[in-house]
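Coordinate inspection notes
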Amino acid sequence: MATTLRHGCSAALNTSAVRSSQAQHVETRRVCFFGDNTKLKQGSLAKLASVFVPCGDRSATLGALRVRCMVLETKSSVEKKTALHDLYEKEGQSPWYDNLSRPVSDLRSLIDSGVRGVTSNPTIFEKAITSSDLYDDQFRQLMNEGNGVEEVFWGLAVTDIQDACDLFLPLYEASKGGDGFVSLEVSPGLADDGHGTVVAADRLYKLVNRPNLYIKIPATAECVPAVRTVISQEISVNVTLIFSLARYEAVINAYLEGLEAVKNEDLSKISSVASFFVSRVDVLVDKRLEKIGSEEALGLRGKAANAQAALAFKLYQDKFSGPRWEALAKRGANKQRLLWASTGVKNPAYPDTLYIAPLVGPDTVNTMPLNALEAFVDHGVVSRTIDANLPEAQKIYDTVEALGIRWADVGSQLEAEGVASFQTSFNNLISSLQAKADKL
């Protein structure tokens with residue numbers, strides 16, 4: 001929300017905001033504040049104090065207190081930039097929001113703050129639907145139409161995704177398809193079913209029917225070939241649950257093969273991101289480092305995930321260059337951007353922007369939960385960091401392996417845990433909806 005001052009206001013010796021006029025989507029409020037005139041002592045408006053400039057035209061003194069009056073004009077568009085705007089405009093990284101719930105219209109304020117896309121997953125939908133009554137009316141309607149509980153879930157989810165896509169459509173169009181995407185994941189029960197994933201991706205793509213939709217497909221061994229097929233069908237994909245460099249390279253190859261299989265000469269409408277998970281890597285590796293217990297091992301805690309991420313960025317640069325990529329680029333192909341996922345800090349001893357600030361780089365995305373997003377807006381530093389010290393990243397990566405922590409095992413365990421976690425959330429959600437249906 002943008003707030004500007006109009007000078008020449010009259011003094012008002014009270015502490016309440018008074019709406020004096022409203023026209024052309026502009027609210028004018030007369031506000032007074034007391035004390036040293038640097039902070040508002042006024043309820044929720046105090047949160048906006050950073051954009052207020054007191055009007056010096058009028059003032060009064062009440063004993064030791066100085067009173068100044070100002071008129072605020074609150075407009076629907078944002079003029080004040082945040083660190084999220086700087087991430088994109090200065091460093092080429094797109095900040096996305098890792099959450100979706102009703103009212104979906106709440107996303108407008110995040111878009112104004114610089115958010116350029118949204119990701120969702122089964123856990124997010126479980127929390128959204130089971131903790132809100134805003135889904136109840138549509139739930140009853142869909143049940144009364146004779147749908148099964150699982151179909152009802154997809155009806156609820158598709159509605160949210162469509163509404164979010166509509167909110168981000170202007171950004172999608174302004175960026176010429178570079179941003180403004182919203183992701184919807186196929187059922188986690190299909191993680192070991194490549195053919196079923198292809199069928200589900202096509203179905204969800206047609207149900208949502210929005211140009212700025214990403215279909216999320218897990219990067220399991222069974223589903224990586226599905227990524228190739230879905231891309232070849234000109235459906236944009238968010239490949240999720242990537243935990244290792246080897247699997248990431250397989251995902252890139254599937255994307256390139258999918259593009260090469262497209263019959264249409266114009267590839268510009270196809271887009272993809274590769275969601276490389278970060279904080280979960282440190283959770284697992286840190287436990288193993290602590291079990292080893294040496295000074296060298298303990299000194300690597302909180303470093304492994306970002307080191308692997310830096311090497312993933314180098315791999316991205318290598319794979320999206322050279323003759324093979326240049327041939328696709330001539331057909332208008334878009335690079336499959338790296339998306340940093342699982343960026344909320346899970347160890348309270350670590351800085352709250354640990355998986356944001358060190359991962360800033362061009363042509364990347366960072367999807368953040370609300371607490372991480374707010375932390376970065378509040379005190380995040382915007383500068384290119386992802387490839388600032390690749391030799392050190394390689395050293396950390398190699399040392400972890402040398403200590404007996406096999407990166408292949410880390411990736412396999414985290415993938416299995418990620419699939420199981422999403423499946424549990426999905427099952428819990430369906431059970432909750434079934435219980436609700438039984439009461440109708």
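In what follows, the accompanying structure is described.

What counts and how
- Residues numbered from 1 in each chain as written.
- Predicted model: local features only at pLDDT ≥ 70, side-chain atom pairs only at ≥ 80, totals over all residues.
- Heavy atoms only, no water.
- Helix = DSSP H or I, 4+ residues; strand = E, 2+ residues; numbered from the N terminus.
- Buried < 20%, exposed > 50% of the residue type's maximum accessible area, 1.4 Å probe, protein only.
- Polar contact = N/O pair within 3.5 Å; in protein donor to acceptor, adjacent residues only side chain to side chain.
- Contact = heavy atoms within 4.5 Å.
- Core = buried A, V, L, I, M, F, W, Y, C linked by side-chain atoms within 4.5 Å.
- Salt bridge = Lys/Arg side-chain N within 4 Å of Asp/Glu carboxyl O.

**Observations regarding the side chain of Ser94**
Tracing the sequence through the fold places Ser94 in strand β6 (residues 93–97). Overall, Ser94 belongs to the buried group, its relative accessible area being 0%. Within the structure, the side chain of Ser94 is placed 2.5 Å from the side chain of Asp179, a separation counted as a polar contact. Here Ser94 is in contact with Tyr88, Arg116, Asp179, Arg337, Thr364, Val365 and Asn366, once residues within four sequence places are set aside.

**A word on the nonpolar core**
Formed by 127 residues in total, the largest nonpolar core has its most connected members in Leu107, Phe125, Phe153, Ile161, Leu184, Tyr248 and Leu259. Top contributing element to this core by residue count: helix α5 (residues 149–174), with 13 residues. The residues touching Phe153, leaving out its near neighbours within four places in the chain, are Phe125, Ile129, Phe426, Leu429, Ile430 and Leu433.

**Side note on the pattern of salt bridges**
Within this structure, the stated rule accounts for 20 salt bridges. A salt bridge links Arg140 to Asp137, with the shortest nitrogen-to-oxygen separation between them at 3.2 Å. You can see Arg140 and its partner Asp137 sitting in helix α4 (residues 136–144), 3 residues apart, about one turn around the helix. On the accessibility criterion, Asp137 (60% relative accessible area) is exposed. For the salt bridge of Asp179 with Arg337, the shortest nitrogen-to-oxygen distance reads 3.0 Å. Placement of Asp179 in the loop between α5 and β8 (181–185) and of Arg337 in strand β12 (residues 337–341) is noted, with a sequence separation of 158 residues between them. Members of the salt-bridge network, linked through shared partners, are Arg116, Asp179 and Arg337.

Read these as spatial facts, not as claims about activity.
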